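Reading the structure
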Protein chains: 2
Amino acid sequence: AASDVYKRQKLNNDLKKFESEICERIGEKRYLHTIRVRDVAIDLANIYGVDPEKAEIAGFLHDCAKIRDEKKLIKEAKNQGLLITEEMKRAPQIIHSHLGRVMAKNLYGIDDEDILNAISYHTTGRPNMSDLEKIIFLADYIEPMRNFDGVDVARKLAKKDLDSAMYFALNNTLKFLVEKDKYIVVETVLARNFYEEMSLSLI
Amino acid sequence: AASDVYKRQKLNNDLKKFESEICERIGEKRYLHTIRVRDVAIDLANIYGVDPEKAEIAGFLHDCAKIRDEKKLIKEAKNQGLLITEEMKRAPQIIHSHLGRVMAKNLYGIDDEDILNAISYHTTGRPNMSDLEKIIFLADYIEPMRNFDGVDVARKLAKKDLDSAMYFALNNTLKFLVEKDKYIVVETVLARNFYEEMSLSLI
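So, a few notes on the structure that sits alongside this text.

Cut-off values and rules
Residue numbering note: each chain is counted from 1, following its sequence as written. A letter from A marks each chain and a number from 1 marks each ligand, given out in the order of writing. The predicted nature of this model means local features are confined to residues of pLDDT at least 70 and side-chain atom pairs, given and counted, to a pLDDT of 80 or more, with totals for whole chains, interfaces and linings taken over all residues. With hydrogens and water set aside, each side-chain value is computed from the structure's full complement of heavy atoms. Secondary structure follows DSSP: runs of H or I at least 4 residues long count as helices, runs of E at least 2 residues long count as strands, and numbering of each begins at the N terminus. Each radius of gyration is computed over the set of C-alpha atoms, and the globule rule expresses the reference value as 2.2 Å times the number of residues to the power 0.38. Throughout this description, buried means an accessible area under 20% of the type-specific maximum (1.4 Å probe, protein chains only), exposed means over 50%, and partly exposed covers the range between. Pairs of residues are marked as contacts when any of their non-hydrogen atoms sit within 4.5 Å. Using a 1.4 Å probe, accessible areas were evaluated by the Shrake-Rupley method; residue-level cover was limited to the displayed protein chains. Charge counting treats Lys and Arg as positive and Asp and Glu as negative, with His and both chain ends excluded. One atom stands in for each charge, and that atom is NZ of Lys, CZ of Arg, CG of Asp or CD of Glu. Here the copies are matched by least squares. The fit uses the C-alpha atoms of residues with pLDDT of at least 70 in both. Whenever Lys or Arg places a side-chain nitrogen within 4 Å of a carboxyl oxygen from Asp or Glu, that contact is recorded as a salt bridge. Whether two aromatic rings pair depends on their centres lying within 6.5 Å, for rings of Phe, Tyr and Trp, where Trp uses its six-membered ring; planes under 30 degrees apart make the pair stacked, over 60 edge-to-face, and the rest tilted. Between N or O atoms, a polar contact is any pair within 3.5 Å; within protein, one atom must be a potential hydrogen donor and the other a potential acceptor, and residues adjacent in sequence are included only when both atoms are from side chains. Between the first and last residue of a helix there are one fewer steps than residues, each counted as 1.5 Å, and that sum is the expected span. Note on terminology: pairs of cysteine sulfur atoms within 2.5 Å are recorded as disulfides. The convention used is that axes are lines fitted to C-alpha atoms, helices contributing only their stretch in contact, and that angles between N-to-C directions extend from 0 to 180 degrees. These descriptions rest on fixed angle ranges, namely under 35 degrees for roughly parallel, over 145 for roughly antiparallel, 65 to 115 for roughly perpendicular, and the rest for oblique. The hand of a helix crossing depends on one turn: near helix anticlockwise from the far one by less than a right angle means left-handed, and clockwise means right-handed. Amino acids are sorted into nonpolar (Ala, Val, Leu, Ile, Met, Phe, Trp, Tyr, Cys and Pro), charged (Asp, Glu, Lys and Arg) and polar (every other residue, Gly among them).

Some words on the overall build of chain A
- Along chain A, the regular secondary structure elements total 11 helices and zero strands.
- When the elements of chain A are put in sequence order from the N terminus, they spell out α-α-α-α-α-α-α-α-α-α-α.
- For 203 residues, the compact-globule estimate of 2.2 N^0.38 gives 17 Å, and chain A sits close to it at 16 Å.
- Overall, chain A is about 45 × 40 × 30 Å in size when its C-alpha atoms are taken along their principal axes.
- Within the span of chain A, comprising 203 residues, buried residues form 50% of the whole.
- Restricting the contact set of chain A to residue pairs at least 6 apart, pairs at least 24 apart contribute 62%.
- Accessible surface, chain A: about 10,100 Å² in total, of which carbon and sulfur atoms supply 50%.
- Side chains of chain A carry 32 positive and 34 negative charges; the gap between the two charge centres is 4 Å.

As C-alpha cells, this is what we get:
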C-alpha cells in the first residue's frame, strides 16, 4: 500500500507537470472538463475493479489534443504524424481522440496500450472495449456538468453495468446524429450493434 | 417503338410464367405488394429516364425470395448456394434481398447486373447506387399501401430528387432501428452518410 501511495503521488506529480501546457492548448473550460472526467473515471474504476491510476491518467489525458480551432488541430495532427482519414474529414470531432493518443505517447510518455486505446476510442467507441475504455467513454458522457435528455439514465446505468451503459450512450448518440442530419462514424455503429447484443438481457 | 412494344410484351409474358410460382413462394399479400412496387417503379423510371422495362422486371422480382418462414428461407439460401454472413444472422430481413438476386439469376434467367443489384440492395441501400437501384429501393418504400410517419414526404421527394429521397428514407430507417433497439446493417449507414452528402443542398 505504501508503494501504491508512492506510485500514485509520483504519477500525480508527473501529470502536474503537464497541467499548464494542456490547459493552454485546450482552454480552461475544457481543462476543467478533463478534471471532472478524471474524477468520474476514478470512481467507476473503483466500482469495477479497474486500476484507478490508469483511469486517472486516461481521464486526465483523454482530451489533451482537443484544440478548438480546426485548422490548428489539423496542423498539429500533421506535426505529430497522424494520418487524416476520409472519415475524419467528414467527422472532424473524432480527430482529437486519435491525436490525443499520439500526443499522450509522444509528449507525455504514456506507453500503456490500454490507456492509449481509452483515449483513441473515447469519442466513437468500438466493439469489444476493455473496461478502462468503457470507463473513459462513459465518464466523458456522464461527468457532472453534462446535461442532456437521458443523462440521468446513463449515470445510473454506468454504476450498474458498463455494457448496458455503453449501449444506452451509443444508441442515444446515434439518435442525436440521425435527428441532426450529421455524419455517422461507422465504428460507432459497430460498437452500438456489439453492445446491443451484450446488454440485451440487462436494459 | 414497335419493337419496343414487342419486347415489352415478350418480357411481360416471360414474367407471367413465374407469377404463380412466386405467388406461392411468398404468399398473396406479399405478391400484391410486388405488383404495386413494380407499378411505382415504372412511374419513377419514366420520370428519371430509366428503362421502364428494367424497372418492371426489378420491381416484379425484388421480393421473389421473401419466404416468410425463416427456417425455409435459410434452407433455400443454402440450396441456392448463398453464404449466410454474420450480419445476415443478426439482421435476417436482409437475406431475402441477396437471395432474391441469386434466384432471379438462377430461376428467372436475369443476367442484367443493374437489375440484379437493384434486387440485392433494395433493403439496405448502399453508397453510389444506380438510378434503377434507387428507384426500386424507393418504390418499395413508398408504394401506395405503405403507411408510416414521413411516407408522404418520401413520396414527394421521390418524384423530385432521387438522392434527397434516398437520404430521407435511409435516415428515417435508421431512426426506426435506433428507437426500436434493432441491429443496424453497416451498409445502410454507409449509404445514409453518402446520400446525406449528396442531398445536403436539396432537402
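What to know about the relation of the copies chain A and chain B
- When chain A is fitted onto chain B, the two copies agree to an RMSD of 0.0 Å after a turn of 180° and an axial shift of 0.0 Å. Both copies are brought into coincidence by an operation consistent with a two-fold rotation axis.

What to know about the pattern of salt bridges
- A complete count under the given rule lists 28 salt bridges over all chains for this structure.
- With its nearest N and O atoms 2.8 Å apart, the salt bridge here joins Glu196(A) to Arg90(B). With Glu196(A) in helix α11 (residues 186-199) and Arg90(B) in helix α5 (residues 86-90), this pair bridges two chains.
- On the basis of relative accessibility, which here comes to 25%, the residue Arg90(B) falls in the partly exposed class.
- Residues joined in a network through salt bridges with shared partners are Arg90(A), Glu196(B) and Glu197(B).

With respect to the interface of chain A and chain B
- In this assembly, 19 residues from chain A lie in contact with 19 residues from chain B.
- On the surface where chain A and chain B come into contact, there are four salt bridges.
- Among the secondary structure elements, those contributing two or more residues to the side of chain A that touches chain B are α10 (162-179) and α11 of chain A.

Here we look at the packing of aromatic side chains
Residues and elements named next belong to chain A.
- If you walk through the whole model with that rule in mind, you get eight aromatic pairs over all chains.
- Plain terms: the ring middles of Tyr31 and Phe60 are 6.1 Å apart, the flat faces sit at 90° to each other, and that makes the pair edge-to-face. One end of the pair, Tyr31, is in helix α2 (residues 28-48); the other, Phe60, is in helix α3 (residues 52-61), and 29 residues separate them in sequence.
- Since its relative accessible area comes to 9%, Tyr31 is described here as buried.
- Judged by relative accessible area, Phe60 falls into the buried class, the value being 2%.

So, the environment of Lys66(B)
Residues and elements named next belong to chain B.
- Along the chain, the position of Lys66 falls in the loop between α3 (52-61) and α4 (70-79).
- Judged by relative accessible area, Lys66 falls into the partly exposed class, the value being 24%.
- With 42 residues separating them along the chain, Lys66 and Glu24 place their C-alpha atoms 11 Å apart.
- With residues up to four places along the chain from it excluded, the contact list for Lys66 reads Ile26, Arg30 and His96.

Some points on the environment of Asn46(B)
- Along the chain, Asn46(B) turns up in helix α2 (residues 28-48).
- Residues Asn46(B) and Met88(B), spaced 42 residues apart in sequence, show a C-alpha to C-alpha distance of 34 Å.

Quick notes on the side chain of Thr188(B)
- As for its placement among the helices and strands, Thr188(B) is situated in helix α11 (residues 186-199).
- Looking at Thr188(B), its side chain comes within polar contact range of the main-chain oxygen of Thr124(B), at 2.9 Å.

As for α11(A)
- Across its 14 residues, α11(A) extends 20 Å between first and last C-alpha, which sits within 8% of the 20 Å expected from 1.5 Å per residue.
- Taken together, the buried positions of α11(A) are occupied by Val186(A), Thr188(A), Val189(A), Ala191(A), Arg192(A), Asn193(A), Tyr195(A), Glu196(A) and Ser199(A).
- Check the buried side of α11(A) and you find it contacts α5 (86-90), α8 (131-142) and α10 of chain A together with α5, α10 (162-179) and α11 of chain B.

Concerning the state of the cysteines
- Under the criterion given, the structure shown has zero disulfides over all chains.
- A disulfide-free cysteine, Cys23(A) has its sulfur positioned 13 Å from the sulfur of Cys64(A), the nearest such atom.

Considerations on helix α6 (residues 95-106) of chain B
- Under the 1.5 Å per step criterion, the end-to-end length of α6(B) is 16 Å for 12 residues, consistent within 8% with the ideal 16 Å.
- Judged by how many residues are buried, α6(B) sits mostly within the fold: nine of 12 residues are covered.

Quick word on the packing of α10(B) against α11(B)
Residues and elements named next belong to chain B.
- Running from N to C, α10 and α11 cross one another at 140°; their axes reach a closest spacing of 8 Å. Of the possible angle classes, the one that applies to α10 and α11 is oblique. Along this stretch, α10 crosses α11, giving a crossing that reads as left-handed. Touching Asp163, Ser164, Met166, Tyr167, Leu170, Asn171 and Leu174 of α10 are Thr188, Val189, Ala191, Arg192, Tyr195, Glu196, Met198 and Ser199, all from α11.
- Counted by class, the contact of α10 with α11 contains eight nonpolar, four polar and three charged residues.

Description of the packing of helix α7 (residues 113-120) of chain A against α8(A)
All names here are of chain A.
- At a minimum axis distance of 8 Å, the contact between α7 and α8 shows a crossing angle of 35°. Considering only the axes of α7 and α8, their crossing is right-handed. Residues Asp114, Ile115, Asn117 and Ala118 of α7 form the contact with α8, whose own contacting residues are Leu132, Glu133 and Ile136.
- Here the residues of the contact of α7 with α8 sort into four nonpolar, one polar and two charged.

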